[in-house]
Amino acid sequence: MNAPPANPPDEGQAALLEQLGSRSIVFVGLMGAGKTAIGRKVAAMLSLPFIDSDQEIETVSRMSVPELFERYGEPEFRALEQRVILRLLEHGPQVLSTGGGAFMNAQTREAIAVHGVSVWLKADLDLLMERVSKKQNRPLLKNPDPRGVLERLMGERYPVYATADITVPTRDALRSSRRCCDCDQRWGAFVNKTAPVKVEVGLGDRAYDILIGPGLLSDAGTEIARRLPGTRAAIITDENVAAAHLE
Ligand code: S3P
């Protein structure tokens, strides 16, 4: 665990911390998405402790992650990963970066939902490949076709990561040094759950709700996935709106 830096948080950050309470900010996403680098940055920005769950696993087991995989196999690693993360979550607020497979565990997801705000760092395949090629310590990528492995994992895991509270494209998060893009705004919208206003449009069978609030558009995918799990969605737009907001 790293000691929080001395810088006091500014007004916006203080408000965010107050809304966060004892919950942790939990980064999830695939290997190479930047969970550790960005998590560290966000922790420093908010003067919170930073913890990387893989490092904690290595500390408690006195073994590296590749050694754990080799000696005990993936199922044992997953069981330890779950225990370590559930324990860490009891000690918020903090910023916690999790290994790429951690959020695939239903109990871990439940615990994160109770004790944290989950942030999915979403990255495309090229960015992931670029980043994972810098380190050779990932057992799942010890494979003649690491790109193929990542592609398969994207297919399996992205629908689950999409249920995180907030989705942030890694490229955006890496862009700015002081602030993590507009995450703090999005967190503000999320952690202050009273912020969005719901307008109910009463049209009988065709009734629907309109949500109005800051940061909602960037989380639309997450919101749709939560309301209609497992379904496919189409976006109907026009050239002007698409140019500004489709991505
Ligand atoms: C894994 C990701 C790794 C590590 C382990 C398994 C995965 O963490 O937990 O090698 O299943 O995606 P990072 O995502 O930090 O590389």
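For the structure itself, look to the data block above.
Residues numbered from 1 in each chain as written. Predicted model: local features only at pLDDT ≥ 70, side-chain atom pairs only at ≥ 80, totals over all residues. Heavy atoms only, no water.

Draft legend 1. Expanded view of the site of the ligand. Around the ligand sit 14 residues, and of these Lys35, Asp54, Arg78, Arg138 and Arg157 come closest. Contact distances for the ligand include 2.8 Å between an oxygen atom and a backbone N or O atom of Gly100. Backbone polar atom of Gly101 to an oxygen atom of the ligand: 3.4 Å apart, as the coordinates give it. The fraction of the free accessible surface of the ligand (390 Å²) that becomes covered by protein chains is 93%. A per-element tally of the shell around the ligand places helix H5 (residues 74-88) first, with 3 residues. Each residue belonging to the shell around the ligand can be placed in one class, and the counts come to 5 nonpolar, 3 polar and 6 charged. (Near = heavy atom within 4 Å. Polar contact = N/O pair within 3.5 Å; in protein donor to acceptor, adjacent residues only side chain to side chain. Areas by Shrake-Rupley, 256 points an atom, 1.4 Å probe, with all protein chains shown as cover. Helix = DSSP H or I, 4+ residues; strand = E, 2+ residues; numbered from the N terminus. Nonpolar A, V, L, I, M, F, W, Y, C, P; charged D, E, K, R; others polar.)

Draft legend 2. The packing of aromatic side chains, seen in detail. Across all of its chains, the model carries 4 aromatic pairs by this definition. The interplanar angle of 40° and the centroid separation of 4.8 Å between the aromatic rings of Phe69 and Phe77 together place this pair among those described as tilted. Like Phe77, Phe69 is buried. Their ring planes at 45° and their centres at 5.8 Å tell us that Trp120 and Tyr161 sit as a pair that is tilted. One end of the pair, Trp120, is in strand S4 (residues 116-122); the other, Tyr161, is in helix H8 (residues 146-161), with 41 residues separating them in the sequence. For the residue pair Trp120 and Tyr161, the accessibility class agrees, reading buried in each case. One aromatic cluster is present, built from ring pairs that chain together Trp120, Tyr158 and Tyr161. (Phe/Tyr/Trp six-rings, centres within 6.5 Å; stacked < 30°, edge-to-face > 60°. Buried < 20%, exposed > 50% of the residue type's maximum accessible area, 1.4 Å probe, protein only.)

Draft legend 3. Structural view of unusual backbone geometry. For the peptide bond that leads from Gly92 to Pro93, omega is 0°, which places it in the cis range. Mapped onto the secondary structure, Pro93 falls in the loop between H5 and strand S3 (95-97). Its identity is not glycine, yet Ser47 carries a phi of approximately 55°, on the positive side. Among the secondary structure elements, Ser47 is positioned in the loop between helix H2 (35-46) and strand S2 (50-52). The exposure class assigned to Ser47 is buried, which follows from its relative accessible area of 18%.

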